[in-house]
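Analysis of the macromolecular model
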Amino acid sequence: MRNKNIILLTALLKSSSLWNISKYSKDKKKRRRVIAGIIGFVFLFLMMLAYCLLACLGFDALGIIDTVPVTCALLISTIAFFFTLFKTNGYLFHFKEYDMLMALPLRSKDVAGCKFLYMYIKSLPWYAGISLSMMMGYGIFAHPHIAVYPVWIILSLFVPIIPMLFASFLGFLIAKISSGFRKKNIIQIVLSFAVVMFSFSLRYIVEALIRSDRVADLAAKASDVSETIGTYYLPAGLFANAILSLNSQALFAVFSGILLIGLTLFLFEAVFALVGRFYRQINSALSSHEKRKNFQMRVHKRGVLNTIAFKEFRRMTGSTTYFVNVALGEIMAAIAGVAVLMLGFDRVVSIVTQGAPIPTGILNPAIPLILYFLIGMMTSTAVSPSLEGKNYWIMQSLPLTKKTLYRGKILFQMYLSVPFMIFGILCFGLFAHVALLDMLLYLAQGVALCAFSATWGCVCGVKYMRLDWENEIEVIKQGTAVPLYLLPNMFVTMGMVALVVWLGTRMNTRLITLALIAVVGALAMLSYRKVMRYASL
Amino acid sequence: MAENVVLDIQGYSKNYGGDNKAADNVCLTVEAGDIYGFIGHNGAGKSTTIRAVVGVLDFTEGEIHINGHSVKEDPIACKRETAYIPDNPDLYENLTGIQYLNFIADIFEIDTEKRKALIQKYSDMFEITSDLGDLISSYSHGMKQKVAIISALIHEPKLMVMDEPFVGLDPKASFTLKQIMHEMCEQGAAVFFSTHVLDVAEKLCNKVAIIKQGKIIVKGTMEELTHGQSLEEVFLEVEDEK
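**Focus on unusual backbone geometry**
- At His 143 of chain A, a residue that is not glycine, the phi angle is positive and equals roughly 45 degrees.
- Structurally, His 143 of chain A can be placed in the loop between α6 (108–142) and α7 (148–158).
- Judged by the 9 C-beta atoms lying within 10 Å of it, His 143 of chain A falls in the exposed class.
- A positive phi is found at His 227 of chain B, a non-glycine position, where the angle reads about 45 degrees.
- By secondary structure assignment, the location of His 227 of chain B is in the loop between α8 (222–226) and α9 (231–241).

This is how it looks when you write it as structure tokens:
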């Protein structure tokens, strides 16, 4: 008889495997979607491979090729941490098939452990992609000992586990704390945001620590960088030690490798022993809702579009995963605005750019785009059509056209993003001493950008609408519509910020802003018309 | 505890944090051979009790024993002897029916010959054999319910716990399920299920408990409760009284 954990893990993997779906599904559309998904995945994988190889080329050119192992470990760890942090709620806790699994003769610890391993295996191709391409780059440029390759491959399988465990443990703490409150969802959302914000700010904390260690000259002290990072984040240090010492101090390398594996296994056992103890209690609390039984009849009348927008609002606030992923940019924009109010525009720019010599006023024409980089990072319209899921019948059975439904979704996204955009522009603009006319133009550009984000997101969301999901994370984090919206939008915005700043030094900035308003407005209109065309199909 | 007691609930209470208890000092005993109906309004506390019995819902007050094993102290031993069919079974949609049944059989460590025979027997009875190779996502609600029932039967449980088992089943499947419930009880197992369909409960159950606002207000054998009245009349009477 096979081990029950392996049986459960196999079933979990099979239940979401594209191969299983394409093999047994008779639905041609579904099979086509699976093939499109695989092609998209391969494309992204190749992009990542090229990026990693180019990074190694850059490290070699700078003469710091020996920092590649520690960089690789850090990169994998960061991605693993954030991937897991966003997924814990929904994968580890409060998942759909909880009742079915927990009624089986399986220990809570094993169910939680298998769910974690399932998350790990599903993300492993990404970690392996980074690891193998950086190993290739390191191999090409550093010409290491042949034994480095198997050691690298084996150890890199363990590198993502510790950050994943750490993220899971944070998710566990969030779930444990919020399960004790009546308004569990709100507490969960607030705590999740706090953890995400703290994690983002860790970059600055770590950089400050490294700087205080006076490791400024990277090229001259590459090994010091590895050592310093290893001191603050032990698993990355152990990985780097195992790779870099293999040639000169084989025993130390083996010791580092064994220590990394041992530490990983110990932490896995420790985390899941603790999680298992409270697993049923947390899930029971998260899945139960107390009835207040004090309702007094009150009704509100809204217009159809506002009703749909309100439905979208309740859908978003009802799910921690959805809220944290979709509203993260808006919250970050609000925090940036408050930071500018407290510290001033120049000081915030100086912190973000780590004291780069940026002339005053040069960034002003890019203010709406900088805020759009945060607010436009994600849009609810890219996921909300799919999130209708099995409840789509409700919308379908109502006397509503698809056009009205999509308009309602776009309206909600505008309600969500525009106030934050306006707040951010006002804070940034006032403290950057922007003239009134420029401020008005920036506000118009900000609204146009929000409209583009909502409508282009809706194009992606409707085009790649998928209703047959098991867990909403499949739509929010893994749906085809999300990278299609997110990646080009992010890179184009970054490029546009640079372009606008550069053009601003050569021509009238008001003309640039006016041109951008026209272009973005036209793009928003085109996207809107595309959505309406999809709706009439 | 008597030897033939399969399910024993004593003083079980569940509070979700406010003043209202979802289950309040629930006590009942299900013996081998019983088909025990659990009746109450929506939100009366049926599912809260059922989920605690099958070890899904955490609870602090009271004791629940299955075949002498405590649900709190030894949940795995309890689950080995129990089968649970929720009101809306969430199965793995991207597994085929047979893959799902094999998964459950693997967890319960059922040998190949026995599982094959039992899957064949029950899938034939529910007329779903030819569909077992398809993905569960392509099944109707009733077909999913049938797969959930088969998965509950293939490890020959001592206690079958069901939450509204007849919802979504076609008349023939409902009849088959009732037949299976009788068969199980003849072989010394017990069935504990919640239902709103009082006619079904009256014809099928030998014992009934009525729950209202988390409290058991009436329980006993069908004869003790009805005294020549219909179960529906008794239910409406006690609901109004207490």
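**A look at the interface of chain B and chain A**
- Counting residues at the interface gives 33 residues for chain B and 35 residues for chain A.
- Of all the elements in the fold, those that place two or more residues in the side of chain B that touches chain A are α2 (75–80) and α3 (97–107) of chain B.
- Here the element with the most residues in the side of chain B that touches chain A is α3 of chain B; it accounts for four residues.
- Tallied by class, the residues present in the side of chain B that touches chain A amount to 14 nonpolar, 10 polar and nine charged.

**Section: the domain arrangement of chain A**
Residues and elements named next belong to chain A.
- Annotation of chain A at the domain level lists domain 1 (2–287) and domain 2 (304–536).
- When each unit is reduced to the centre of its C-alpha atoms, the spacing between domain 1 and domain 2 is 29 Å.
- The interface is formed by 17 residues belonging to domain 1 together with 16 residues belonging to domain 2.
- Of all the elements in the fold, those that place two or more residues in the side of domain 1 that touches domain 2 are α3 (28–62), α4 (68–91) and α9 (184–212).
- Ranked by residue count, the leading element in the side of domain 1 that touches domain 2 is α9, at seven residues.
- Residue composition of the side of domain 1 that touches domain 2, by class: eight nonpolar, seven polar and two charged.

**Here's the deal with the nonpolar core**
- One finds Phe 239 and Leu 371 of chain A together with Val 161 and Phe 192 of chain B to be the most contacted residues of the largest nonpolar core, which totals 223 residues.
- In terms of residue count, the dominant contributor to this core is helix α20 (residues 436–463) of chain A (14 residues).
- Ignoring anything within four residues of it in the chain, the contact list for Phe 192 of chain B reads Leu 7, Val 30, Tyr 36, Phe 38, Leu 159 and Val 161 of chain B.

**A look at the pairing of strand β8 (residues 190–195) of chain B**
Residue and element names in this part refer to chain B.
- Among the six residues in β8, six count as buried, and that is most of the element.
- With five bridges joining them, strand β3 (residues 35–40) and β8 adopt parallel strand pairing. Directly across from Ile 35, in β8, lies its bridge partner Val 191.
- With five bridges connecting them, strand β7 (residues 159–163) and β8 associate as parallel partners. Of the residues in β8, the one forming a bridge with Met 160 is Val 191.
- The parallel pair β7 and β8 is bridged by helix α6 (residues 171–186), and the resulting crossover is right-handed.

**Observations regarding the packing of α20 of chain A against helix α22 (residues 481–504) of chain A**
Residues and elements named next belong to chain A.
- Orientation of α20 relative to α22, taken along the N-to-C sense of each, is 150 degrees, at an axis distance of 8 Å. Relative to α22, α20 is oriented roughly antiparallel. Crossing of α20 against α22: the hand is right-handed. Taken together, the residues of α22 that come into contact with α20 (itself represented by Trp 456, Gly 457, Cys 460 and Gly 461) are Ala 481, Leu 484 and Tyr 485.
- Residue classes in the contact of α20 with α22 are distributed as five nonpolar, two polar and no charged.

**Brief notes about the environment of Val 53 of chain B**
All names here are of chain B.
- Position of Val 53 among the secondary structure elements: in helix α1 (residues 46–53).
- Each C-alpha atom, one on Val 53 and one on Ile 9, is 8.2 Å from the other, the two residues being 44 residues apart in sequence.
- Each residue touching Val 53, except ones within four places of it in the same chain, is listed here: Leu 7, Ile 9, Ile 64, Val 71 and Val 161.

What counts, and at which threshold
- Residues numbered from 1 in each chain as written.
- Chains lettered and ligands numbered in written order.
- Predicted model: local features only at pLDDT ≥ 70, side-chain atom pairs only at ≥ 80, totals over all residues.
- Helix = DSSP H or I, 4+ residues; strand = E, 2+ residues; numbered from the N terminus.
- Buried ≥ 20, exposed ≤ 12 C-beta atoms within 10 Å, placed from the backbone.
- Contact = placed C-beta atoms within 7 Å.
- Nonpolar A, V, L, I, M, F, W, Y, C, P; charged D, E, K, R; others polar.
- Domains from an automatic or database assignment.
- Core = buried A, V, L, I, M, F, W, Y, C linked by C-beta atoms within 7 Å.
- Pairing = 2+ DSSP bridges.
- Right-handed = clockwise from strand over helix to strand, strands pointing away.
- Axes fitted to C-alpha atoms, helices over the stretch in contact; angles between N-to-C directions.
- Parallel < 35°, antiparallel > 145°, perpendicular 65-115°, else oblique.
- Left-handed = near helix turned anticlockwise from the far one by under 90°.

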